[in-house]
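Here are the chains, one letter per residue:
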Amino acid sequence: MTNVEQTRMKILAKQFGDMKKNHNMIAFFPDKMNPFNWHISFKGPVDSDFQGGIYHCQLKLTNYPDKPPEIKIMNESGAYHVNQALCIHGLSANNPQDWTPGTQISTIVEALSMYMNLRTDRGGLGFIKVLNQEAIKKHRDASIKFKCSCGADHSTLFK
Ligand SMILES: [Zn+2]
């Protein structure tokens, strides 16, 4: 491992520690050999149809913190298409303009949660353009039973 990689690993390890104190998200490592691939479960935004739901994303932090991560959502929410690289201005690898190096991973995930409920200007690639309340509620109820191969089990998370 190069010095640069070691420095980046330290930055990620610190953030992992900080994230444990956050009550809205929990990080997992699907591949123990690759510390730059994170899965994160996060709560749906409060005061919205997503409240009570738990959503799961993959962040590929290959060039973090110099460049933003590739972001994919892994379970149905009604807000984002699953397994498609999300395009979020300034926060995702495919839209890196205005990225602020060192932006905290928790800040990115907070934005992912907040943007679920955007009613207008439904973002770029990966966003479902028109929100359907019935679909959102159905996916929300299913989301709390979601399990991922990384070890995330939403039926026991945040309990
Ligand atoms: Zn996972």
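Remember, it's a predicted structure, so these values are computed and weren't measured experimentally.

A. Geometry of helix α3 (residues 133-143). For α3, the set of buried residues is Ile136, His139, Arg140 and Ser143. Along the long axis of α3, the arc covered by the buried residues comes to 105 degrees, so they all point the same way. Away from the buried face of α3 by more than 90 degrees, exposed residues Glu134 and Asp141 are located. Where α3 is buried, its residues touch β3 (54-60).

B. Main features of the nonpolar core. Counting residues in hydrophobic clusters, the biggest one holds 28 residues, and the most contacted among them are Ile40, Phe42, Cys57, Leu59, Ile73 and Val109. For this core, the secondary structure elements donating two or more residues are β1 (25-28), β2 (37-43), β3, β4 (70-73) and α2 (105-115). Setting aside residues up to four positions removed in sequence, Ile73 forms contacts with Tyr55, Cys57, Tyr80, Val82 and Leu86.

C. Structural detail: the environment of Pro68. Along the chain, the position of Pro68 falls in the loop between β3 and β4. Owing to 25 C-beta atoms within 10 Å, Pro68 belongs among the buried residues under this scheme. Taking the C-alpha atoms as reference points, Pro68 and Val46, 22 residues apart in sequence, are found 26 Å from one another.

D. The arrangement of the sheet that holds β4 in detail. The four strands lie next to each other as β1-β2-β3-β4, forming an open sheet whose pairing is antiparallel. Among the strands making up the open sheet, the edge pair consists of β1 and β4. Put simply, the sheet's adjacent strands are angled 25 degrees from each other on average, direction ignored. In this sheet, β3 lies alongside β2 in antiparallel orientation, the contact comprising seven bridges. Its bridge partner being in β3, Trp38 is matched across the sheet by Leu59.

E. Expanded view of the environment of Phe16. Structurally, Phe16 can be placed in helix α1 (residues 3-19). Of the residues examined, Phe16 has 14 C-beta atoms within 10 Å and is grouped as partly exposed. Note: C-alpha distance between Phe16 and Ser92 (76 residues apart in sequence) is 19 Å.

F. Just α2, in detail. Looking only at α2, the buried set comprises Ile105, Ile108, Val109, Leu112 and Ser113. End-on view of α2: buried residues confined to an arc of 140 degrees, all on one side of the axis. In α2, the exposed residues that point more than 90 degrees away from the buried face are Thr107 and Met114. Buried residues in α2 make contact with α1, β1, β2 and β3.

The rules behind the values
Residues numbered from 1 in each chain as written. Predicted model: local features only at pLDDT ≥ 70, side-chain atom pairs only at ≥ 80, totals over all residues. Buried ≥ 20, exposed ≤ 12 C-beta atoms within 10 Å, placed from the backbone. Helix = DSSP H or I, 4+ residues; strand = E, 2+ residues; numbered from the N terminus. Arc of directions from axis to C-beta. Contact = placed C-beta atoms within 7 Å. Core = buried A, V, L, I, M, F, W, Y, C linked by C-beta atoms within 7 Å. Pairing = 2+ DSSP bridges. Axes fitted to C-alpha atoms, helices over the stretch in contact; angles between N-to-C directions.

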